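Architecture at a glance
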Amino acid sequence: MTSASHLKTASLPSPKDGTSASPDAEASLVDIGHAMTRMRLLIGRRFIGRMALKRIGTGLELSDLDAIGVIKRIGSEQEVTVGTIAEQLRIDPSRGSRIVADLVKQGLLERAASQEDGRRSLVRVTDAGRQVLDDIEAIKRETILEATAGWSAEDVETFGRLYARFTEGLEAQFKRFEESEG
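Anyway, here's the lowdown on the structure attached to this text. Note that this is a predicted model, so its numbers are computed, not measured.

Cut-offs applied
- Position numbers for residues count from 1 along each chain, tracking the sequence in the order it is written.
- The model is predicted, so local features are restricted to residues of pLDDT at least 70 and side-chain atom pairs to those at 80 or more, both for listing and for counting; the totals for chains, interfaces and linings are taken over all residues.
- Remark: hydrogens and water are excluded; side-chain values derive from all non-hydrogen atoms of the structure.
- Here a pair means two rings of Phe, Tyr or Trp (six-membered ring of Trp) with centres within 6.5 Å. Their orientation is stacked below 30 degrees between planes, edge-to-face above 60, and tilted elsewhere.
- Starting at the N terminus, helices and strands are each numbered in turn, a helix being any DSSP run of H or I of at least four residues and a strand any DSSP run of E of at least two.
- Residue burial is assigned from relative accessible area. The probe radius is 1.4 Å, only protein chains are included, and a residue is buried under 20% of its type maximum, exposed over 50%, and partly exposed in between.
- Whether two residues touch is decided by their heavy atoms; if any such pair falls within 4.5 Å, the residues are in contact.
- To define a nonpolar core, start from buried Ala, Val, Leu, Ile, Met, Phe, Trp, Tyr and Cys residues and group those joined through side-chain atoms within 4.5 Å.
- One speaks of a salt bridge when a side-chain nitrogen belonging to Lys or Arg is within 4 Å of a carboxyl oxygen belonging to Asp or Glu.
- Cavities and pockets were defined on a 1 Å grid built from protein atoms only: a cavity is a group of points that admits a 1.4 Å probe but offers it no way out, a pocket is an open group of points flanked by protein on both sides within 12 Å along at least five of seven lines, and a lining residue is one with an atom within 4 Å of any such point.
- Grid points are joined across faces, edges and corners, and a volume is the space filled by probe spheres set on the points.
- Only Asp, Glu, Lys and Arg are considered charged in this grouping, and only Ala, Val, Leu, Ile, Met, Phe, Trp, Tyr, Cys and Pro are considered nonpolar; every other residue, Gly among them, is considered polar.
- To get an axis, a line is fitted to the C-alpha atoms, and for a helix only the part in contact is used. The angle between two axes follows their N-to-C directions and goes from 0 to 180 degrees.
- Each angle is binned into one of four classes, with values under 35 degrees roughly parallel, values over 145 roughly antiparallel, values of 65 to 115 roughly perpendicular, and all other values oblique.

Turning next to the packing of aromatic side chains. The tally for this structure, following the rule as stated, stands at 2 aromatic pairs. Seen from their ring centres, F159 and Y163 are 5.3 Å apart, and the 20 degrees between their planes marks the pair as stacked. On the criterion of helical spacing, the pair formed by F159 and Y163 is a turn pair, its members being 4 residues apart in helix 8 (residues 153-181). A relative accessible area of 39% places Y163 in the partly exposed class. By the ring-pair criterion, three or more aromatic residues cluster together here, those being W151, F159 and Y163.

Turning to helix 5 (residues 82-89), its buried residues number three or more, namely V82, T84, I85 and A86. Buried residues in helix 5 make contact with helix 4 (62-74), helix 6 (93-105), strand 1 (109-113) and strand 2 (121-125).

It is worth spelling out the nonpolar core at this point. Of all hydrophobic cores here, the largest spans 24 residues; its most connected members are L60, I68, I71, I85, L103, L109 and V123. Within the residue set of this core, elements represented by two or more residues are helix 3 (47-56), helix 4, helix 5, helix 6, strand 2 and helix 7 (127-147). Among the elements that take part in this core, helix 4 stands out by supplying 7 residues, more than any other. Sequence-distant contacts of I68, defined by excluding residues within four places in its chain, comprise L103, L108, L109, V125, G129 and L133.

With that out of the way, let us pick up the pattern of salt bridges. According to the stated counting rule, one finds 5 salt bridges in the structure shown. Its salt-bridge partner being R130, residue D127 comes within 2.7 Å of it at the nearest N-O pair. Of the two residues, D127 and R130 are both situated in helix 7; the distance of 3 residues between them amounts to about one turn of the helix. A salt bridge links K140 to E137; the shortest N-O distance between them is 3.5 Å. A residue pair is termed a helical-turn pair when its members lie 3 or 4 positions apart in one helix, as K140 and E137 do in helix 7 at 3 residues.

Turning our eyes to something else, we now look at the layout of surface pockets. Counted as a void, the largest pocket has a volume near 2500 Å³. As for the largest pocket, its lining consists of 45 residues, and the residues nearest its centre are M39, I43, I48, K140 and Y163. Sorting the residues of the lining of the largest pocket by element identifies helix 2 (23-44), helix 3, helix 4, helix 5, helix 7 and helix 8 as the ones contributing at least two each. Here the residues of the lining of the largest pocket are counted per class, giving 24 nonpolar, 7 polar and 14 charged.

What follows deals with the packing of helix 4 against helix 5. Interaxial distance between helix 4 and helix 5 falls to 10 Å at its minimum, and their mutual angle equals 110 degrees. By the criterion of interaxial angle, the relationship of helix 4 to helix 5 is roughly perpendicular. For the pair formed by helix 4 and helix 5, the contact residues are S63, D66, A67, V70, I71, R73 and I74 on the first element and T84, I85, Q88 and L89 on the second. Along the lines of polarity and charge, the residues of the contact of helix 4 with helix 5 split into 6 nonpolar, 3 polar and 2 charged.

Further remarks concern the environment of R124. Looking at where R124 falls in the secondary structure, it is placed in strand 2. A relative accessible area of 37% places R124 in the partly exposed class. Each C-alpha atom of the pair R124 and I71 lies 6.7 Å from the other, and the pair is 53 residues apart in sequence. Ignoring any residue separated from it by four or fewer positions in sequence, one finds R124 in contact with I71, L108, L109, E110, A112 and A113.

In short, the description is geometric, and any link to function would need to be established separately.
Right, here's the structure in full:
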């Protein structure tokens with residue numbers, strides 16, 4: 001018996017409510033795990049970001065997109081500093097500072113004084129930076145459309161809803177994991 005077939009037939013841990021999954025559900029859980037591994041490899045290779053950068057031809061690097069993306073993602077919830085960007089990207093603050101300085105020079109980011117503490121320098125996305133993000137999002141959408149070509153509208157809607165729900169579940173587990181470690 002190969003290890004892959006063993007995984008298909010091995011009993012998976014029961015849900016916390018004490019019920020057991022059906023054999024079909026167990027096989028589906030194994031399939032989800034395999035798909036997650038393949039997705040992780042694609043994400044690790046930065047497929048969509050690399051393709052988008054090549055298509056828009058800005059000369060930006062993936063770390064530049066990441067920095068701009070941090071501001072877009074959390075900028076409406078809190079003031080964003082170079083330190084915030086470095087923390088979110090899990091990079092050294094000096095590297096974060098170099099990335100931001102380069103993006104400011106390119107006109108994609110701007111610095112501004114904090115309204116909460118005038119001594120702090122905030123980082124904001126400029127109109128040009130928002131245009132780059134919009135272009136990247138359009139390419140991401142085209143990529144998703146191509147990957148789901150031939151799917152029914154109902155399948156796309158169902159997948160979108162379930163994928164978001166699945167991701168939320170993983171994020172909740174991650175949060176609990178982080179809290180238990182700290």
